[in-house]
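If you want the building blocks of each chain, they are given just below.
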Amino acid sequence: MTDDQQQLVPHADTGQYRIRIADLRDIPALLEIEQAVFTSQWTYAEFHRVLDTPGVIALVVQDRAVSIPPHKYASPQGRNLIVAMGIGARVSNFTGGLWNLGVRPAYQRCGLGRWVLGSLESRLLGSAPKLHVDAVVVETNVHAHKFFRACGYRALRVVHQQFDDHDADCYYFRRTLYRQPPAPL
Ligand SMILES: CC(C)(COP(=O)(O)OP(=O)(O)OC[C@H]1O[C@@H](n2cnc3c(N)ncnc32)[C@H](O)[C@@H]1OP(=O)(O)O)[C@@H](O)C(=O)NCCC(=O)NCCS
């Protein structure tokens, strides 16, 4: 991000951004973010399959200050530019997985990634007393390592992950969430 962009993009907590559940009509915007931030990318079909899977939680953040042409995305909620996404799911009673988290490059380092991750985490935890949340990050993605560590994750081990287009060593990050006990009356 340039200094100019940094001044134009306010921090996540200014009220300029809105977070909501994603639906299938958001896939073109999700693909745009995917192509902007990942070298190994999900396809339209993969987004469709994942968003259509019961139990999957997919969130998007929209920038209320940036309107897009009505014909560009089909979603009636999509009149504002989608600038960040996060997708995850409960994979067992004790574990949740983060599968995809991305912020448009011009919007990075404004707190949006932390916001999406926190929203996903609280939805994954739900009413459970405790949940492990896991994320697999390619070894060379140092910025994401710093991000996950800053968000309370720790690297458990290195795993060899087989992606469609390349082999990669990855860090396996985990954070354990606990449900807050109700505040005393
Ligand atoms: C990783 C990613 C989601 C972070 O989103 P973001 O909105 O830029 O992150 P935030 O602004 O919420 O950052 C929260 C904290 O993480 C750390 N952090 C985030 N990006 C960082 C970077 N590039 N370098 C160092 N620390 C970083 C910082 O401690 C930051 O807090 P600070 O800005 O107060 O110092 C975003 O950079 C991205 O989309 N990257 C490409 C896709 C990707 O790697 N996804 C994760 C693997 S699935």
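Look above for the structure.
Residues numbered from 1 in each chain as written. Predicted model: local features only at pLDDT ≥ 70, side-chain atom pairs only at ≥ 80, totals over all residues.

Below, the discussion takes up the packing of helix H2 (residues 27–37) against helix H3 (residues 44–51). Between H2 and H3, whose axes approach to 10 Å, the crossing angle comes to 125°. Here H2 lies oblique to H3, going by the angle between them. For the pair H2 and H3, the sense of crossing is right-handed. Here Ile27, Leu30 and Leu31 of H2 lie close against H3, whose contacting residues are Tyr44, Phe47 and His48. Here the contact of H2 with H3 is built from residues that sort into 5 nonpolar, 1 polar and no charged. (Axes fitted to C-alpha atoms, helices over the stretch in contact; angles between N-to-C directions. Helix = DSSP H or I, 4+ residues; strand = E, 2+ residues; numbered from the N terminus. Parallel < 35°, antiparallel > 145°, perpendicular 65-115°, else oblique. Left-handed = near helix turned anticlockwise from the far one by under 90°. Contact = placed C-beta atoms within 7 Å. Nonpolar A, V, L, I, M, F, W, Y, C, P; charged D, E, K, R; others polar.)

Our next topic: H2. Side chains that are three or four residues apart share a direction in an α-helix, a result of its 3.6 residues per turn. When H2 is considered as a whole, its buried residues turn out to be Ile27, Ala29, Leu30, Ile33 and Glu34. One side of H2 carries all its buried residues, which in axial view fall inside an arc of 160°. Where the residues of H2 are buried, they touch H3, strand S3 (80–90) and strand S4 (95–103). (Buried ≥ 20, exposed ≤ 12 C-beta atoms within 10 Å, placed from the backbone. Arc of directions from axis to C-beta.)

This part covers the site of the ligand. Taken together, 19 residues lie near the ligand, and Gln108, Gly113, Arg114, His143 and Ala150 sit nearest. Listing elements by their share of the shell around the ligand, those giving two or more residues are S4, helix H4 (112–125) and helix H5 (142–150). Per-element accounting of the shell around the ligand gives the leading share, 5 residues, to H5. In the shell around the ligand, the residues fall into 10 nonpolar, 6 polar and 3 charged. (Near = placed C-beta within 6 Å.)

This part covers the pairing of S3. As paired elements, strand S2 (residues 56–67) and S3 share 9 bridges and run antiparallel to each other. Note on S3: the bridge partner recorded for Ala58 is Ile87. Where S3 meets S4, 7 bridges bridge the pair, whose relative direction is antiparallel. Bridging from a neighbouring strand, Arg90 pairs with Gly96 of S4. Between S3 and S4, which pair antiparallel in sequence order, lie 4 residues. (Pairing = 2+ DSSP bridges.)

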